[in-house]
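Fold and contact review
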Amino acid sequence: MSLRRPILALALAGLLLAGLGLQDWSVDGHRATRFAAHALDDYGLALTTQGTARLRLLPLPRLTLGRVRIAAGPTGPTLAEGGRLTIDLDPLGLLAGRAELGGLRLEDARLSADAAAWREPLAQLAGRMRSGLTQRPRWIALSGARIDGGEDARDIEIDLAWPFWSASAEVHANLTWRGVPTRIALTHLLPAYIAQGLRTPFTAWVTWPDGSLALDGTAGPPPDGDTVPALSGRARFESRSLPATLAWLGRDAPLASLAGAFSLEGRFEASEKSLSWPSLRVGLGDDVLEGAGTVALGPGATQRLSVQATLAADTLNLAPLMGDLVKLFEAEPTPLALAPLTKGDLDLRLSAAEGRVGLVQVQDLAASILVRDAAVEV
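Since the model is a prediction, treat every value here as computed from it, not as a measurement. (Residues numbered from 1 in each chain as written. Predicted model: local features only at pLDDT ≥ 70, side-chain atom pairs only at ≥ 80, totals over all residues. Heavy atoms only, no water.)

Tallying secondary structure elements over the chain gives seven helices and 21 strands in all. Taking all 378 residues of the chain together, the buried fraction comes to 33%. Restricting the contact set of the chain to residue pairs at least 6 apart, pairs at least 24 apart contribute 47%. Just so you have it, the chain exposes about 21,800 Å², and 59% of that area is on carbon and sulfur atoms. (Helix = DSSP H or I, 4+ residues; strand = E, 2+ residues; numbered from the N terminus. Buried < 20%, exposed > 50% of the residue type's maximum accessible area, 1.4 Å probe, protein only. Contact = heavy atoms within 4.5 Å. Areas by Shrake-Rupley, 256 points an atom, 1.4 Å probe, with all protein chains shown as cover.)

Turning next to helix α4 (residues 119-130). Along an α-helix, a turn takes 3.6 residues, which lines up residues three or four apart on a common side. When the terminal C-alpha atoms of α4 are compared, their 16 Å separation across 12 residues agrees well with the 16 Å that a helix rising 1.5 Å per residue should span. Buried residues in α4 make contact with β5 (78-89) and α5 (191-195). (Expected span 1.5 Å × (residues − 1).)

Of note, T187 is situated in strand β11 (residues 180-189). When its relative accessible area of 16% is taken as the criterion, T187 is described as buried. Among the polar contacts listed, one links the side chain of T187 to the side chain of H188, at a separation of 3.2 Å. Beyond its immediate sequence surroundings of up to four residues, T187 is in contact with A169, E170, H172, F202 and T203. (Polar contact = N/O pair within 3.5 Å; in protein donor to acceptor, adjacent residues only side chain to side chain.)

Turning to helix α6 (residues 242-249), a few remarks are in order. Of all the residues in α6, the buried ones are L242, T245, L246 and W248. Looking down the long axis of α6, one finds its buried residues gathered within 160° of arc, a one-sided arrangement. Residues of α6 that are buried sit in contact with β10 (169-177), β11, β12 (200-208), β14 (230-239) and β15 (262-270). G250 lies just past α6 and shows a positive phi near 75°. (Arc of directions from axis to C-beta.)

Turning to a nonpolar patch on the surface, a few remarks are in order. Taken together, the side chains of V357, V360 and V362 define a hydrophobic patch exposed on the protein surface, amounting to about 210 Å² of accessible area. Its place among the elements puts V362 in strand β20 (residues 360-372). (Patch = residues over 30% accessible without salt bridge, like charges linked within 9 Å, V, L, I, M, F, W, Y side chains within 5 Å. Salt bridge = Lys/Arg side-chain N within 4 Å of Asp/Glu carboxyl O.)

Turning our eyes to something else, we now look at the nonpolar core. By size, the foremost hydrophobic cluster in this structure holds 33 residues, and its most contacted members are L311, L316, L346, L348, L350 and I369. When residues of this core are traced back to their parent elements, those giving at least two are β14, α6, β15, β16 (274-284), β18 (305-317), β19 (345-357) and β20. No other element matches the six residues that β18 contributes to this core. Apart from the residues within four sequence positions on either side, L316 is in contact with D287, L289, L350, A352, E354, G355, R356 and L365. (Core = buried A, V, L, I, M, F, W, Y, C linked by side-chain atoms within 4.5 Å.)

Turning next to the pairing of β18. Remark: a regular strand shows side chains that alternate across the two faces of the sheet. When strand β17 (residues 287-297) meets β18, the two strands line up antiparallel, connected through eight bridges. Following the sheet pairing, V295 is matched in β18 by V307. Here β18 runs beside β19; their pairing, made up of 11 bridges, is parallel. Along β19, the bridge assignment pairs S306 with D345. (Pairing = 2+ DSSP bridges.)

Given below as structure tokens:
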């Protein structure tokens, strides 16, 4: 008998099995939830569902659960709710009868804004890495997510990739923050170093329609009493309109209303409430200034911004500053609102080989500008 018939039959059977494996099959929701919950237990997460469950076998086993709730343990706070969860199951673990995560995708969920609620699951993950366990999700994705209880962040798309063959992880995100589309990327991150309390390299950038921020440096454990990692490295910030960018971020800065296009570049060291620039290059309109400075957030709920800097330039255009202050010396009294200029504290020392205000030029300029609540000294 010709071999063509058995080969053809095997090919047809293979195609049939592949077609069946590529279909989504309805499965018992309670059993599927219990099985998937075992995969999340090791990370301190508790899973419950109220929707349907579907299983696809090829190209990798994939379980999809509807209307899920993920909490920090059986009695812990809710972390994500209302979305659809897709779990890629590790094939080797599945053959051994174990539920092990290969990847996770959560769609259209509401995420908790409480940072403390996420602390325990992150601690569980760090503990697994310190103990030498290598089993972990190779990718985590969010789509269509939003932060619960607020409208600041919506349309959140996040892709976190940490392949099993690589020590580094990377994150790419898109979201709408206060009505502005924003893109974020974080690469060269070493999660195992973070779990062991070591400094990790990182590269990050953030872009939005009116500006960008790029960082390249290292991150270490938060200092005692802080919750934000200690960062150091080089940074570059650019904004087409500093007042518009600050308003978007919900921050105030002294004399910011006088600025337009603004850039900042240099070496930095940052902690939770302070930022120092041992080496700094500032672009203000057409002027370029160099020096050093620090930025700090004050105590209390308002967290008033405090800026100290010593800057020097070859040439300096004083027109943006003097354009308002010169009104004080006009023949007719002219009201000058200080409130928009004094939304923060400033201690600025300036020097320039040449300064100008319109057609007026001065040589060897040295000046200090002090801004306090409702007061400006020049």
